[in-house]
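Topology and contacts: notes
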Amino acid sequence: GAGVSQSPSNKVTEKGKDVELRCDPISGHTALYWYRQSLGQGLEFLIYFQGNSAPDKSGLPSDRFSAERTGGSVSTLTIQRTQQEDSAVYLCASSSVRGSYTFGSGTRLTVV
Amino acid sequence: TQLLEQSPQFLSIQEGENLTVYCNSSSVFSSLQWYRQEPGEGPVLLVTVVTGGEVKKLKRLTFQFGDARKDSSLHITAAQPGDTGLYLCAGTSGTYKYIFGTGTRLKVLA
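Now for a look at the structure at hand.

What counts, and at which threshold
- Residues numbered from 1 in each chain as written.
- Chains lettered and ligands numbered in written order.
- Predicted model: local features only at pLDDT ≥ 70, side-chain atom pairs only at ≥ 80, totals over all residues.
- Heavy atoms only, no water.
- Pairing = 2+ DSSP bridges.
- Helix = DSSP H or I, 4+ residues; strand = E, 2+ residues; numbered from the N terminus.
- Axes fitted to C-alpha atoms, helices over the stretch in contact; angles between N-to-C directions.
- Contact = heavy atoms within 4.5 Å.
- Buried area = accessible area lost by both parts, 1.4 Å probe.
- Salt bridge = Lys/Arg side-chain N within 4 Å of Asp/Glu carboxyl O.
- Polar contact = N/O pair within 3.5 Å; in protein donor to acceptor, adjacent residues only side chain to side chain.
- Nonpolar A, V, L, I, M, F, W, Y, C, P; charged D, E, K, R; others polar.

**With respect to the sheet that holds strand β1 (residues 5-7) of chain A**
All names here are of chain A. Across the sheet, which stays open at both edges, the 4 strands sit in the order β1-β3-β8-β7 with antiparallel pairing between neighbours. Strands with a single pairing partner mark the edges of an open sheet, and in this sheet they are β1 and β7 (65-69). On average, adjacent strands in this sheet sit at an angle of 15° to one another, irrespective of strand direction. Note that β1 and strand β3 (residues 19-24) share 3 bridges and pair antiparallel. Among the inter-strand pairings, Gln6 is bridged to a residue of β3, identified as Cys23.

As C-alpha cells, this is what we get:
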C-alpha cells in the first residue's frame with residue numbers, strides 16, 4: 001500500500017482480555033518495527049522483524065506480549081491478559097533495507 | 001543503555017519567535033534523525049544527519065549534529081502555528097534500531 005496501515009485505530013478493552021493489533025506495512029518493505037508511546041512521550045522499542053523472523057524481541061515488556069509476521073507482510077501484536085499499564089499508543093513502522101522508517105498512525109489502546 | 005534526553009520538554013511561544021530544541025546523550029550515534037508528530041498521527045521524518053558537525057536546513061528549520069555525534073539541535077526561525085507538534089530525535093549506532101528521545105512538545109500561538 002501507499003502507507004503503513006494500522007488497525008484498529010482505537011481499542012478499549014477490559015482488564016484481563018486479550019487484544020490483537022494489526023500492521024500492514026508498505027509493500028516491499030522487509031523491515032517492520034513495533035514501538036509503544038505512552039501519553040505523548042517518546043517511543044519505546046518493542047520488536048523488530050526482518051522478513052518473517054524477529055531477530056530482536058528485546059523490548060517486549062513481558063511474556064504477555066507476542067508478535068508475528070506472515071508472508072513478509074502483515075504483522076500482528078498480541079497482548080494477553082491486558083493490564084491497565086498496557087494502555088498506550090502502539091505504533092508500527094516499516095522500512096526498506098537501510099531505509100528510513102515510515103510510521104502508521106497507531107492504535108490507541110485503553111484498558112479499563 | 002543508550003538514552004536521548006530532549007530539552008525543553010514543553011515550549012509555548014508566539015508566532016514569529018525563534019526557538020531551539022536540544023537532544024543530548026552520553027552515547028555516540030552513527031546517525032540521528034528528527035521527527036515531528038501531530039496528534040493522532042505517527043511521527044514523520046524531517047531529517048537524517050550522519051556526519052559530526054553536519055548542518056542541514058529545511059526551509060525555516062536548521063538541524064545540527066554535534067562534532068562528537070552525541071548531541072543534536074533543531075532551530076526554528078520565525079515559528080508558525082503550523083510548526084506546533086511533538087518533536088522527537090532518534091539515534092542509531094548503525095544497526096536497524098533507533099532509540100527515541102523523550103520528546104519536546106511545541107505550541108506556537110497565533
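**As for the interface of chain A and chain B**
Often, the extent of an interface is quoted as the loss of accessible area on bringing the components together. The interface is formed by 17 residues belonging to chain A together with 18 residues belonging to chain B. Of the roughly 1,400 Å² buried at the junction of chain A and chain B (both faces included), carbon and sulfur atoms supply 52%. When the buried area of chain A at its contact with chain B is split by residue, Leu43, Tyr101 and Phe103 of chain A rank highest and sum to 31% of it. Lys97 of chain B serves as the salt-bridge partner of Asp56 of chain A, at 3.2 Å between the closest nitrogen and oxygen. Across the contact surface, chain A and chain B share 8 residue pairs in polar contact (both at pLDDT 80 or more). Sorting the residues of the side of chain A that touches chain B by element identifies β4 (31-37) and β5 (43-50) of chain A as the ones contributing at least two each. When grouped by side-chain class, the residues that make up the side of chain A that touches chain B number 8 nonpolar, 8 polar and 1 charged.

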